[in-house]
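Structure at a glance
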Amino acid sequence: MAALLGRPPQCAFDVAVAHDDGRPAVIANAPLLDDGRPMPTRYWLVDVDLRRRVSQLEGDGGVRAAEAAVAPEALAAAHDRYASERDALVPADHRGPRPTGGIGGTARGVKCLHAHLAYRLAGGDDPVGDWVLARLGDMGVSSAVEGAATASAPTQSASVAGSHGR
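Keep in mind that this is a model prediction, so the values were computed, not measured.

Counting residues in each nonpolar core, the largest one holds 29 residues, and the members touching the most others are Val26, Tyr43, Leu113 and Val132. Contributions of two or more residues to this core are made by β1 (13-19), β2 (24-29), β3 (43-45), α2 (48-59), α4 (72-87), α5 (113-121) and α6 (127-138). Looking at which element gives the most residues to this core, the answer is α5, with six residues.

Taken as a whole, this structure holds eight salt bridges when the rule is applied. Measuring nitrogen to oxygen at the nearest pair gives 2.9 Å for the salt bridge that ties Asp21 to Arg23. Linking Arg81 and Asp125 is a salt bridge whose minimum nitrogen-to-oxygen distance equals 3.6 Å. On the criterion of sequence distance, the pair formed by Arg81 in helix α4 and Asp125 in the loop between α5 and α6 is long-range, its members being 44 residues apart. Residue classification places Arg81 among the partly exposed positions, given a relative accessible area of 33%. Among the residues examined, Asp125 registers a relative accessible area of 48% and is labelled partly exposed. Shared partners join several salt bridges into a network, and the residues in it are Asp49, Arg52 and Arg53.

Applying the stated rule across the entire model yields three aromatic pairs. An angle of 25 degrees between the planes, with centres 5.8 Å apart, marks the rings of Tyr43 and Tyr119 as stacked. One end of the pair, Tyr43, is in strand β3; the other, Tyr119, is in helix α5, and 76 residues separate them in sequence. Its relative accessible area of 1% is what places Tyr43 among the buried residues. The interplanar angle of 90 degrees and the centroid separation of 4.9 Å between the aromatic rings of Tyr82 and Tyr119 together place this pair among those described as edge-to-face. With Tyr82 in helix α4 and Tyr119 in helix α5, this pair connects stretches of sequence that are 37 residues apart. Of the two residues, Tyr82 and Tyr119, both sit in the buried class.

Rules of the game
Residues numbered from 1 in each chain as written. Predicted model: local features only at pLDDT ≥ 70, side-chain atom pairs only at ≥ 80, totals over all residues. Heavy atoms only, no water. Core = buried A, V, L, I, M, F, W, Y, C linked by side-chain atoms within 4.5 Å. Buried < 20%, exposed > 50% of the residue type's maximum accessible area, 1.4 Å probe, protein only. Helix = DSSP H or I, 4+ residues; strand = E, 2+ residues; numbered from the N terminus. Salt bridge = Lys/Arg side-chain N within 4 Å of Asp/Glu carboxyl O. Phe/Tyr/Trp six-rings, centres within 6.5 Å; stacked < 30°, edge-to-face > 60°.

As structure tokens, this is what we get:
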């Protein structure tokens, strides 16, 4: 995992979405780092190919385009769902700082398409994640991503079929 993240993991995590061959595509982070600091980003996109393609999409103005394409109420509801799911995992006896914000640590708008896609692939109801999936399809990403888009529940493991064209 350190190779995929570019650093050692700083908190407990589970693989939320994996390729058929077991390679992780999305991890689900604990809401607190090992040192007790808050970790606002529950779902993290670790698939190298998807990260590269989403970075390209962001570089082409995707964050602004996604924000303009999605109804503000739908985006706000996705942020609320994400935050509620993450916050429910904070231990009841935790007295330190708590994670804040929604997807990507922001309470409104779009901050990071990677975080939205990770949430969507892990089964989250996220209209920006849906928008990213549609754009990736336009970029020629294989049907492997489409299969991941049907992952069951956000806290359950899912499988990404295929190899993303590798």
